[in-house]
Amino acid sequence: MQDVTIIGGSFAGIAAAMQLARARRRVTVLDTGLNRNRYASHAHNVIGQDGTPPGEFLARAREQVRAYPSVTWVDARAETVSGEPDAFTVKTADGETIESRRLILSYGITDIFPDVPGFSESWGKTVIHCPFCHGYEVSEKPWGLLYSSPMSLHGPVLYANWTEDISLILDGHAIIDEERHKLEKRGVKIFDGKLASIEHDRGTISGVTLADGTKVPLGALYAHPQNRPSANLHEQLGLDTKPTPTGIMLAMGDMGATPRPGIYAAGDLTMGMHSITFSANSGSLAAMGALNSMMV
Ligand SMILES: Cc1cc2nc3c(=O)[nH]c(=O)nc-3n(C[C@H](O)[C@H](O)[C@H](O)COP(=O)(O)OP(=O)(O)OC[C@H]3O[C@@H](n4cnc5c(N)ncnc54)[C@H](O)[C@@H]3O)c2cc1C
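Residues numbered from 1 in each chain as written. Predicted model: local features only at pLDDT ≥ 70, side-chain atom pairs only at ≥ 80, totals over all residues. Heavy atoms only, no water.

Peer 1: Help me understand the site of the ligand in this model?
Peer 2: Lining the immediate surroundings of the ligand are 35 residues, of which Ser 10, Asp 31, Thr 32, Leu 34 and Asp 268 lie closest. One of the side-chain N or O atoms of Ser 279 is found 3.4 Å from an oxygen atom in the ligand. Protein contact buries 99% of the 1000 Å² of open area that the ligand shows by itself. If you list the elements that add at least two residues to the shell around the ligand, you get helix H1 (11-22), helix H4 (131-134) and helix H8 (276-294). Of the residues that constitute the shell around the ligand, the class distribution is 13 nonpolar, 17 polar and 5 charged. Shared between two domains, the shell around the ligand takes at least three residues from each, and those domains are domain 1 (2-111 + 226-294) and domain 2 (119-222). (Near = heavy atom within 4 Å. Polar contact = N/O pair within 3.5 Å; in protein donor to acceptor, adjacent residues only side chain to side chain. Areas by Shrake-Rupley, 256 points an atom, 1.4 Å probe, with all protein chains shown as cover. Helix = DSSP H or I, 4+ residues; strand = E, 2+ residues; numbered from the N terminus. Nonpolar A, V, L, I, M, F, W, Y, C, P; charged D, E, K, R; others polar. Domains from an automatic or database assignment.)

Encoded structure:
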């Protein structure tokens, strides 16, 4: 019997495993190696690792956590999960069964790319989701923002930290006149048409074309595509979710606890704001929550 099974061994899961390993707890980490930022050539805004390729960053983190003798790392997909505190069972796609006292769900979310030529090829390069992660490198270039929800209207105000040239592509959505006037007063160019294609050279974009033929020259396009949890294990466990502007997240309590005793969660799956640092922080917290619950 393991103390904790961690499902998802990326930034959140490794942080949780490290915390538990250093408390000498027996941990099994299951992972399929598909960290969400694998499309980007470099990770940014992470102390000590600014500019490190994500694969290199995670390989080093995995190596360090796997060196602890109480950590078992399994490169496999968790397929089914069931049970209760002190008796959880996880079965992998390879037919392995792991039993543990607690669970930490850290399997992240998957971005669903819109069917627009050039989008998937440029994702993580110059079609990006977060200015703090990848905005510095494209400062002062013309930026576009692809509207996806009312939250998008906050983007141009934030982006003014990096560039004065901002275009909002409404992609066929309507916004109220008051919002339109506020943005226009700030110098934001607004295009109502639907996005038809993204022009790029190996992921470096030069602009976009709208369905009405309008061309908008751009050096970066911000986009927040819909996403979904990367597994359905929370459904198998009957955990509640709540909506975010682009998908769903698990409904969470304190210290990484879900409402179901013995089940903890961390990372993008549990938050509306996504970053490596936030994920690692929540992984550590979930580990503390799980550890505390085993000490009573
Ligand atoms: C293109 C892009 C670039 C980004 N760049 C940055 C950046 O520069 N700086 C920054 O701070 N943030 C960045 N982010 C955000 C950052 O990538 C995420 O916040 C972070 O990866 C979330 O970590 P996580 O551990 O929650 O999930 P993930 O990194 O998504 O990892 C989830 C892990 O679970 C595994 N998994 C899934 N299902 C199962 C299963 N059933 N069984 C076993 N394993 C499973 C996956 O293979 C994966 O390894 C970027 C995001 C994107 C989309």
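Peer 1: Would you mind going over unusual backbone geometry with me for this structure?
Peer 2: Among all residues save glycine, negative phi is the norm, and among peptide bonds the norm is trans. Positive phi, normally seen in glycine, also occurs at Arg 24, with a value near 65 degrees. Mapped onto the elements, Arg 24 comes out in the loop between H1 and strand S2 (27-30). With relative accessibility at 74%, the residue Arg 24 sits in the exposed group. Its identity is not glycine, yet Asp 86 carries a phi of approximately 75 degrees, on the positive side. According to the relative accessible area criterion, Asp 86 is partly exposed, its value standing at 38%. (Buried < 20%, exposed > 50% of the residue type's maximum accessible area, 1.4 Å probe, protein only.)

Peer 1: Just checking my understanding: could you explain H1 for this structure?
Peer 2: Each α-helix turn comprises 3.6 residues. Residues three or four places apart therefore point the same way. Its 12 residues give H1 an end-to-end C-alpha distance of 17 Å, which sits within 8% of 16 Å, the value for a rise of 1.5 Å per residue. With 9 of 12 residues buried, H1 is to be regarded as a mostly interior element. Along H1, the positions that sit buried rather than exposed are Phe 11, Ala 12, Gly 13, Ile 14, Ala 15, Ala 16, Ala 17, Leu 20 and Ala 21. On the buried face of H1, the contacting elements are strand S1 (2-7), S2, helix H2 (54-66), strand S3 (71-74), strand S6 (97-105) and H8. (Expected span 1.5 Å × (residues − 1). Contact = heavy atoms within 4.5 Å.)

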